[in-house]
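# Structural description and commentary
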Amino acid sequence: MRIAVLGAGYAGLTLARQLEKELPESAELVVVNDRPDHLVQHELHRVVRRPALADEITVALDDALDRATVRVARVTDVDHEQGVAELDDGRLEYDVAAVCLGAETAFHDLPGVEEHATPLKRLPDAARIREAFLDLDAGGRVVVGGAGLSGVQVAGELTALAREEEIDREVLLLERLDSVTPNFPAAFQEAVREELESRDVVVRTGRAVERATDETIECEHETIDYDQFLWTGGIRGPGALSGERPIVSDTLELGGDTFVVGDAGRVTDADGAAVPASAAAAVREAHSVAGSIVDIVEHDGSAEMFDPRPERFRFDAPGWLVSVGDGAVAQVGPTVFRGTAAKAMKTTVGAGYLSSVGAIANAADLVREELAGD
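Residues numbered from 1 in each chain as written. Predicted model: local features only at pLDDT ≥ 70, side-chain atom pairs only at ≥ 80, totals over all residues. Heavy atoms only, no water.

In the UniProt entry, the feature "domain: FAD/NAD(P)-binding" (unreviewed entry) is given for residues 1-240. Taken end to end, residues 1-240 is 30% helix and 31% strand, and its two terminal C-alpha atoms sit 23 Å from one another. (UniProt positions renumbered as here; feature names shortened; annotations may be inferred. Helix = DSSP H or I, 4+ residues; strand = E, 2+ residues; numbered from the N terminus.)

Written out as structure tokens, the structure is:
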């Protein structure tokens, strides 16, 4: 029986490692990813200021996985009815699969935005952002479109980089809704805005970008000049799902014995709540789906008449974290933290995740890099 894990981001790598522990030896486990390594996405913004961190936040899949076969290829299509994944180097037939391909940056068909803005999804994006930022003339303005977690973090990194390099830059963060981090609790939103403004990020909410040229960004009632334009204004599904993020129930079933895990899908949990696109959600979903897949495999070799019921996923967020340059904001339960406690929590979470995927040395190096920046 062949189990395919399509994608090795947070969801895919967590799922594959769990399946390695629980699947019977007779089951074949294949992991397909477009790179031979795993990127710790929530630390990517750090690379803009500290390029050396790139090595600490990438983990070779061959090192992280023991028995799975790693196939480096891009998934171009998934036919869950036929049990086939089309790849750019052929096809992969499977009995059970999990689509863990993550999400791509959404430009929402806004004229000129995709053409002129740089996203932050890959290591080369971080390198381009850094180089362009340092090459700006004194007083240059950088506009970051979208004040979700990614936008907040890269804006904070850029103002910190300007201070370290002793260069004059304006960093302007735009958000179409009325608050930064709009999908999070109000107390968290307020603390994040205070942290941003205390670190010299100019924040403008209620500004929906309508179009962009190579020099200006047009909003409904104003035109903003810029020298560098970054875009973190939303996500869409992967190309293999035609850019869509299918809505799936709390069992995370796409159809047949194919599941969607992580940002590739829009999940409603067992309490009827929409699950936010986040690393925390992806990891928890992966553990839930691992149990469902193991049940399917074990049932296939048994005499039981009835198919097993997939596990129902319930998302219980322990809290939220975001870094803002050398600061951070954390919420645990109703309590919101800023300052040293929040930053320590953020560093611990990053190192803890690396340790959980077997990258102990990377985790130690990440902590040293973070402490060196204080």
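What follows covers the pairing of strand β24 (residues 327-332). Among the 6 residues of β24, 5 are classified as buried, and the element is accordingly described as predominantly covered. Counting the residues between successive antiparallel strands, the hairpin from strand β23 (residues 319-324) to β24 contains 2 residues, one of them, G325, with a positive phi of roughly 60°. Where β24 lies against strand β25 (residues 335-338), 4 bridges are found, and the strand directions are antiparallel. Within β25, the residue paired with V329 across the bridge is R338. Once β24 ends, the chain turns through 2 residues before running back antiparallel as β25, passing G333 with a positive phi of about 60°. (Buried < 20%, exposed > 50% of the residue type's maximum accessible area, 1.4 Å probe, protein only. Pairing = 2+ DSSP bridges.)

As paired strands, strand β6 (residues 75-79) and strand β7 (residues 84-87) are joined by 4 bridges and run antiparallel to one another. Its bridge partner being in β7, D77 is matched across the sheet by E86. Two successive antiparallel strands, β6 and β7, enclose a turn made up of 4 residues, where G83 displays a positive phi of approximately 70°.

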